[in-house]
Structure formats: structure tokens, C-alpha cells
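Descriptive structure summary
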Amino acid sequence: MSKQTTLCYIEKDGCRLMLHRIKKEQDENRDKWIGVGGKFLEGESPEDCVCREVLEETGLTLIDYRYRGIITFVSDVWPCEYMHLFTAGGFSGEVKECDEGVLEWVPREKLRQLPMWAGDRIFLDLLDRDAPFFSLKLVYRGEELTRAVLNGRTVV
């Protein structure tokens, strides 16, 4: 059974707010650095979900955000996931402690040095190039990215 999620990269002063997932034992993102987001609740739109999840995980209220793409994750270990990807440049509030990991503002040029999924590097590059709305399918065997398809064309 597939799940629907959101992920948001919040930007400020040349940095992105990243979540180091180290607090949950049964976590497909364990020890990885990701943006913030989570699973849809019944009846939520992608925008409803991203705003709620960002507030719950960070304490920040999104004011200015942009829907950037949809990522389809296929794995031989985890259920299929459809992730709605956002970026945000405007927010109010102060970052609070997160129960899923440690939040840290990371300079954009240092992001790729962090432990993250190989596919995340692909969509971070698309965000950095300000690519138009995109669909990206990522296929994993364990933690190995075996295939990536961008807008219907194989790239890996």
C-alpha cells in the first residue's frame, strides 16, 4: 500500500533547514539528513499537509512557499511513496526541538557532504537550478538507487 507525504526545504540566509533523523529506531530515513514534512492526514491537500507538518516538526508557520514537484519512491524494502516537494522562503516563528531528529540550518554548499539518499541529491540539484514543476521516480534496492526517471526520461 502506498503512502502520500510532503517534504519541504525551508531557506534562510543561504542555508536550508535540515532534519538529521536520529531519534526513531524504525525509521527508513535513520541517520540521514532530509527536509521536513510527513504523512498526509485524511482530507488534506499537499499544501495543508506541508504547512501542518512544518509547524509540528519545527514550530515555524509557512508564509511563502512553492510546490516544486512530485517524487515517486519505489523500494524493495519500504512501501511505495508519493512525496510532494516544496520549498519555502517565508515563515514566522522560532525553530523548536523536533522529536524526530535534530534540526540544523545548513549552508547550501555543504548539503551534499551530509549523509542523504542518492535520489535526494537529484532533486536538490533540480531545486538549485530552479527547474519547473517536475515528476521524478526513484527506484531503490535497499539503500542503492538503481533507477531515476525525470519527467518520463531515464537519468540513472
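One can find the structure itself at the top, above this paragraph.
What comes next concerns the included structure. (Residues numbered from 1 in each chain as written. Predicted model: local features only at pLDDT ≥ 70, side-chain atom pairs only at ≥ 80, totals over all residues. Heavy atoms only, no water.)

What follows deals with the side chain of T6. Structurally, T6 can be placed in strand β1 (residues 3–12). For T6, a relative accessible area of 2% corresponds to the buried category. If we ignore the near neighbours within four places in the chain, the residues touching T6 are V36, G37, G38, F40, P46, C49, V50, E53, M83, H84 and F86. (Helix = DSSP H or I, 4+ residues; strand = E, 2+ residues; numbered from the N terminus. Buried < 20%, exposed > 50% of the residue type's maximum accessible area, 1.4 Å probe, protein only. Contact = heavy atoms within 4.5 Å.)

We now examine helix α2 (residues 118–128). Every buried residue of α2 is accounted for by G119, D120, I122, F123, L124, L126 and L127. Of the residues trailing α2, D130 is marked for its positive phi of about 55°.

Attention now moves to the environment of R108. Structurally, the position occupied by R108 is in the loop between β6 (102–107) and α2. Residue R108 is classed as partly exposed on the basis of its relative accessible area, which comes to 28%. In this view, R108 contacts E11, G14, C15, R16 and D128; residues no more than four positions away in its chain are not counted.

Attention now moves to the pattern of salt bridges. Oppositely charged side chains are able to pair whenever their charged atoms sit close together. What the rule picks out here adds up to 14 salt bridges. In this structure, the salt-bridge partner of E11 is R108, at a minimum N-O distance of 3.9 Å. You can see E11 sitting in strand β1 and its partner R108 sitting in the loop between β6 and α2, a full 97 residues away along the chain. Between R16 and D128 there is a salt bridge, with its nearest N and O atoms 2.9 Å apart. Placement of the pair is R16 in strand β2 (residues 15–20) and D128 in helix α2, with a sequence separation of 112 residues. What emerges from the salt-bridge pattern is a single network uniting E11, R16, R108, R112, D125 and D128. (Salt bridge = Lys/Arg side-chain N within 4 Å of Asp/Glu carboxyl O.)

With that settled, the discussion passes to the packing of aromatic side chains. According to the stated counting rule, one finds six aromatic pairs in the structure shown. Ring geometry for Y9 against F123: centres 6.4 Å apart, planes inclined by 50°, an arrangement best described as tilted. On the criterion of sequence distance, the pair formed by Y9 in strand β1 and F123 in helix α2 is long-range, its members being 114 residues apart. For the residue pair Y9 and F123, the accessibility class agrees, reading buried in each case. Members of the aromatic cluster, connected to one another through ring pairs, are Y65, Y67, F86 and F133. The lysine or arginine in question, R16, covers the ring of Y9, its NZ or CZ lying 5.8 Å from the ring centre. Directly above the aromatic system of W117 lies the positively charged group of K32, at a separation of 4.4 Å from the ring centroid. (Phe/Tyr/Trp six-rings, centres within 6.5 Å; stacked < 30°, edge-to-face > 60°. Lys NZ or Arg CZ within 6 Å of the ring centre and 35° of its normal.)

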